[in-house]
Amino acid sequence: MSNERILIVEDEAIVATDLEILIKTLGYQVVGVAATGEAAIRLTHEVSPDLVLMDIRLKGDMDGIDAAEHITATLNIPIVYLTAYADEKTLERAKTTMPYGYILKPFEEKSIRTTLELAFYKFNMESMMMTLEAWHGTALRSLADPVVALNTRGRVTFLNASAQTHFGWALADVYGKTLEEVY
């Protein structure tokens, strides 16, 4: 049984109930159901879900994209949209919140299951990479010897304090340049 916790944000009661049953059938925990953007924000802060399944069109003054913007800005919780709207304007607005998925209604169990699995996988891998990058950055910054890191194209991506002092470079001035351009 999975221990991932999902908050459902859906203003149509029948759809919300169907989603809750389906998500539980897939082995996830449903930690709440919200019908408005304001309730979604409040519940997200109260129950700290691992993922929010968000309808875009909601009753009230705040739609799902507005609620997702707030949740994304204040908490590190992935958002998956579930909506009947796939027009270009809605899609462009939704993309600004960096969602982990976009499921069109009417939905099928297969699309919900696949999208949730991929969203959790992507979020976990991104979290792991951020932790490793932070750890490596701390280790490299603490070295007494000068360290200059280059990407696979040979461009400067990192200087520790010792390298900045030794070479007289500021990272902001050399970032993205090749060593040939810097010398």
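Up top is the structure these notes are about.
Residues numbered from 1 in each chain as written. Predicted model: local features only at pLDDT ≥ 70, side-chain atom pairs only at ≥ 80, totals over all residues. Heavy atoms only, no water.

**A short note on the side chain of Thr97**
Part 1 of the reasoning: Mapped onto the secondary structure, Thr97 falls in the loop between helix H4 (88–95) and strand S5 (101–104).
Part 2 of the reasoning: A polar contact is formed between the side chain of Thr97 and the backbone oxygen of Ala94, at a distance of 2.7 Å.
Part 3 of the reasoning: Among residues more than four places away in sequence, those in contact with Thr97 are Ile65, Ala68, Glu69, Thr72 and Tyr81. (Helix = DSSP H or I, 4+ residues; strand = E, 2+ residues; numbered from the N terminus. Polar contact = N/O pair within 3.5 Å; in protein donor to acceptor, adjacent residues only side chain to side chain. Contact = heavy atoms within 4.5 Å.)

**A few points about the sheet that holds strand S3 (residues 51–54)**
Part 1 of the reasoning: Strand order in this open sheet of 5 strands is S2-S1-S3-S4-S5, and the pairing throughout is parallel. For this open sheet the edge positions go to strand S2 (29–34) and S5, each flanked by a neighbour on one side alone. Ignoring strand direction, the axes of neighbouring strands in this sheet form an average angle of 20°.
Part 2 of the reasoning: Bridge count between strand S1 (residues 5–9) and S2: 5 bridges; the pairing is parallel. Paired with Ile8 across the strands is Val33, a residue of S2.
Part 3 of the reasoning: Contacts from helix H3 (residues 64–74) reach S3 and strand S4 (79–83) within the one sheet, and its direction differs from that of S4 by about 175°. (Pairing = 2+ DSSP bridges. Axes fitted to C-alpha atoms, helices over the stretch in contact; angles between N-to-C directions.)

**A look at the layout of surface pockets**
Part 1 of the reasoning: The volume enclosed by the largest pocket comes to roughly 160 Å³.
Part 2 of the reasoning: In terms of lining, the largest pocket is formed by Thr72, Leu75, Asn76, Ile77, Pro78, Ile79, Thr97, Met98, Tyr100, Lys122, Phe123 and Glu126.
Part 3 of the reasoning: The dominant element in the lining of the largest pocket, judged by the number of residues it contributes, is helix H5 (residues 109–142), at 3 residues.
Part 4 of the reasoning: Here the lining of the largest pocket is built from residues that sort into 7 nonpolar, 3 polar and 2 charged. (1 Å grid on protein atoms, 1.4 Å probe; cavity = no way out; pocket = protein on both sides within 12 Å on 5 of 7 lines; lining within 4 Å. Points joined across faces, edges and corners; volume = space filled by probe spheres on them. Nonpolar A, V, L, I, M, F, W, Y, C, P; charged D, E, K, R; others polar.)

**What to know about the packing of aromatic side chains**
Each pair of aromatic rings is reported with the distance of its centres and the angle of its planes.
Part 1 of the reasoning: One pass over the full model with this rule turns up 4 aromatic pairs.
Part 2 of the reasoning: Centroid distance Tyr81 to Tyr102: 6.0 Å. Interplanar angle 65°. Geometry classified as edge-to-face. Separated by 21 residues along the polypeptide, Tyr81 in strand S4 and Tyr102 in strand S5 bring together distant segments of the chain.
Part 3 of the reasoning: Centroid distance Phe167 to Trp169: 4.6 Å. Interplanar angle 20°. Geometry classified as stacked.
Part 4 of the reasoning: For Phe167, a relative accessible area of 31% gives the class partly exposed.
Part 5 of the reasoning: Taking the relative accessible area as the measure of exposure, Trp169 reaches 12% and is therefore buried.
Part 6 of the reasoning: Seen from the ring of Tyr85, Arg57 lies directly overhead, with NZ or CZ sitting 4.1 Å from the centre.
Part 7 of the reasoning: Seen from the ring of Tyr100, Lys122 lies directly overhead, with NZ or CZ sitting 5.2 Å from the centre. (Phe/Tyr/Trp six-rings, centres within 6.5 Å; stacked < 30°, edge-to-face > 60°. Buried < 20%, exposed > 50% of the residue type's maximum accessible area, 1.4 Å probe, protein only. Lys NZ or Arg CZ within 6 Å of the ring centre and 35° of its normal.)

Keep in mind these values describe shape, not function.
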